[in-house]
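Chain and residue survey
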Amino acid sequence: MFSWNKKHVLFLSAIMVLVHILSVPLMVQAAPKSASSHKYFRHIMFRESPYAPYRGIHTISEKASQNNAHYQFSYDEKGRISEIRYQMNNQLINGNEVWDSFIWFSPKVAISYHKDKEIHTYYDAQNKQISAHGKVYRAVYALDKKGKRVGLSFFDEHAKPVESAWHIHRYEWRHENGKVYEKRFNLNNEQQPLRPEFTFYEVELTYDHDNKLSFVKNLGLAGKPTNNDSGAGIDRIIYDQHGNFTRWQVYDKDGNPVEGNRPMVHMGEHLYDEFGNKVGLRGYDKFGQRKAFSWSAFEHKSTYYPNGNQKSHKIFDENARLSRYLVIEYNQTNSHILWLKSLDEKELLSPSPMLGGAAALKFDYQANGGAKRTLFNRDLTKYTPKQTESAE
């Protein structure tokens, strides 16, 4: 029988330290003072709440970043994030159908720090400051004496209070017993859900030892464990060793597995390629059997160009039949989407509900950064939406 001695223990300890050291660079919150002023990541970590700071995952070198869609994190002299740019070839780009987080609203965010607050501003692909996520021109975090976030409020370009696209004007956070408790309010001081389609009101947020969100518990409007209309009271968030958001699981307030919230599954599973691109999404019921999402999709599959832009997106039904198929084409610099095309199983243009009945959508970009959109039939003649008859 193998027996452990002091040498074995020391060898195992050294291996564990080495593994820990090698794994640390995958996820970065702030750069140390001695580090470079910029760091580059293919993706940012999932955030359900703006309480959490931005974090980069899937580190790449400056050289590799040039020809790949990536987030450039810039840091101030104290190692704090001062700016994040989503870009390629040093040019700001739009999302290009790449989804990393609910809390990412524009190609660039700039962050400034003050005694008791932190201010975020947003910029479009032309590097012009804009109102993002609704009418949010400026997001102002309130900080306590220890520098912890205790509030967030949204304002327009005239410094007037505004609501986000989720009808939220301000967030309130309190810290208690190692948990974070969050409430959201509109301009009428009425509590709002996490998102319009995610009806958890006051929530208890649990972060793990690495400050990744692991549990979201609904405390409703009365401040106690509550199930929403779908029967859900708890969301569990799971990550892999690279920081990818791989699964969510849904439970009622007492911890029993349920199929709830908007997707109406017990477990949703994201699949990734080696670069952290989401290549699949599928759902399961509470018994571990595959289950279609509430929007009738049984499985989502996506492909990507080598530079990280999404190339195609397919949706399959429960019989493994293709129900939706979109391909994406870009301009010469890969910075903007030129075409969205709906295809059938034979790779031929086909009308799609995703394009309002058209088979293709073309974007013609203007000098001001806006885009003219034109719909086409399968023969690439201009598409004219059918007129609905008005009731007498």
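Described below are features of the structure shown in this document. (Residues numbered from 1 in each chain as written. Predicted model: local features only at pLDDT ≥ 70, side-chain atom pairs only at ≥ 80, totals over all residues. Heavy atoms only, no water.)

**Overview of the pairing of strand E26 (residues 371–376)**
Here strand E25 (residues 360–365) pairs with E26 via 6 bridges, running antiparallel. Within the sheet, the bridge partner assigned to Asp 364 lies in E26 and is Lys 372. The turn linking E25 back onto E26 is made up of 5 residues, and Gly 369 within it adopts a positive phi angle of 95 degrees. (Pairing = 2+ DSSP bridges. Helix = DSSP H or I, 4+ residues; strand = E, 2+ residues; numbered from the N terminus.)

**Remarks on unusual backbone geometry**
Residues other than glycine seldom take positive phi values, yet Ala 320 does so here, at roughly 65 degrees. As for its position among the elements, Ala 320 is in the loop between strand E22 (310–316) and strand E23 (322–330). Backbone geometry at Leu 380 places phi at a positive 65 degrees, although glycine is not the residue there. Looking at where Leu 380 falls in the secondary structure, it is placed in the segment after E26.

**Notes on the pattern of salt bridges**
If you walk through the whole model with that rule in mind, you get 20 salt bridges. For Arg 80, the salt bridge is made with Asp 76, and the minimal N-O distance between the two is 2.8 Å. Via salt bridges that share partners, Arg 55, Asp 208, Asp 210 and Lys 212 belong to a single interconnected network. (Salt bridge = Lys/Arg side-chain N within 4 Å of Asp/Glu carboxyl O.)

**Focus on the environment of Trp 339**
Looking at where Trp 339 falls in the secondary structure, it is placed in strand E24 (residues 337–342). Note on Trp 339: relative accessible area 16%, which makes it buried. Through-space distance from the C-alpha of Trp 339 to that of Leu 361 is 5.6 Å; in sequence the pair is 22 residues apart. Not counting residues up to four positions away in its chain, the partners in contact with Trp 339 are Val 327, Ile 328, Glu 329, Ala 360, Leu 361, Lys 362, Phe 376 and Leu 380. (Buried < 20%, exposed > 50% of the residue type's maximum accessible area, 1.4 Å probe, protein only. Contact = heavy atoms within 4.5 Å.)

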